[in-house]
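One letter stands for each residue in the lines below.
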Amino acid sequence: MTAALALGDDALVLSHRLGEWAGHAPALEEEVALANIALDLLGQARVLLSLAGDEDELAFLREERAFRNLQLVEQPNGDFAHTIARQLYFSVYQQLLHTELAAGDGPFAPLAAKAVKEVAYHRDHAEQWTLRLGDGTETSRERMQQACDALWRFTGEMFQPVEGLDADWPSLEARWLEYIGDVLGRATLTVPEGPRTGAWSAGAGREGVHTESFGRMLAEMQHLHRSHPGAAW
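Residues numbered from 1 in each chain as written. Predicted model: local features only at pLDDT ≥ 70, side-chain atom pairs only at ≥ 80, totals over all residues. Heavy atoms only, no water.

- As named in an unreviewed UniProt entry, the chain is Phenylacetate-CoA oxygenase subunit PaaC, taken from Streptomyces actinomycinicus.

Put into structure tokens, the structure is as follows:
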């Protein structure tokens, strides 16, 4: 199922990225928060990937070109501001999409109805940190603006139609832009002016074309499973 794979890969890859903060977050409270968000996303990924096949095989035995996640979620953590900007962009999109799916009667409605409650927390967490960093010190504002600018070019891909998902993509995009604009405005940040897609990136992740950092992340994520095939707890 194309849609289950796409949404499942989004959640799986971002879960792993957030898990990389374990032991490195700026504060213990934040380490717990990021870990909880990562676990929520991992739970979503397991349900979605199980709809498409064997979840372990799909997560740990596929090659890079077989993954269908958005390029946004695979971007490196960078500094804390980059992680927050990535989370803000994605969680607002995810909340809007799951809310729409939950209101329908499609195969993803039950999962979306549960996930939207989790994603509301993810969005709020990223939003509050965006406000703190953007309307904080001169240094924190500069870093938050740089992060928003750097990741902006990956946001257009989120609204490319996905086979099997009955969603009003233009409406979702318009509402996403309005919401992000409001948050950045309240954070005294500027909405980036650059393009949100490029010829090389529009829909690329959904087509199995990924950025350089993804290959390294995937090798790390799959290393244990590939080193001990068939192992069980």
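From this point, the narrative continues.
**Comments concerning the side chain of D10**
Moving on, step 1. For D10, the location among the structural elements is in helix 1 (residues 2-19).
Moving on, step 2. Look at D10 and you get buried, because its relative accessible area is 1%.
Moving on, step 3. From its side chain, D10 meets the backbone nitrogen of L70 in a polar contact 2.8 Å long.
Moving on, step 4. Beyond its immediate chain neighbours, meaning those up to four positions away, D10 contacts R68, N69, L70, V73, F90, Y93 and R206. (Helix = DSSP H or I, 4+ residues; strand = E, 2+ residues; numbered from the N terminus. Buried < 20%, exposed > 50% of the residue type's maximum accessible area, 1.4 Å probe, protein only. Polar contact = N/O pair within 3.5 Å; in protein donor to acceptor, adjacent residues only side chain to side chain. Contact = heavy atoms within 4.5 Å.)

**Describing the pattern of salt bridges**
Moving on, step 1. As enumerated under the stated definition, the model contains 11 salt bridges in all.
Moving on, step 2. The salt bridge partner of R62 is D9, with a shortest N-O separation of 2.7 Å. Residue R62 is located in the loop between helix 3 (55-60) and helix 4 (71-74), and its partner D9 is located in helix 1; the two are separated by 53 residues in the primary sequence. By the burial criterion, R62 is buried, and D9 matches it.
Moving on, step 3. Here R123 and D124 are joined by a salt bridge, their closest N and O atoms 4.0 Å apart.
Moving on, step 4. For R123, a relative accessible area of 15% puts it in the buried group.
Moving on, step 5. The network of salt bridges with shared partners includes R123, D124, E127, D182 and R186. (Salt bridge = Lys/Arg side-chain N within 4 Å of Asp/Glu carboxyl O.)

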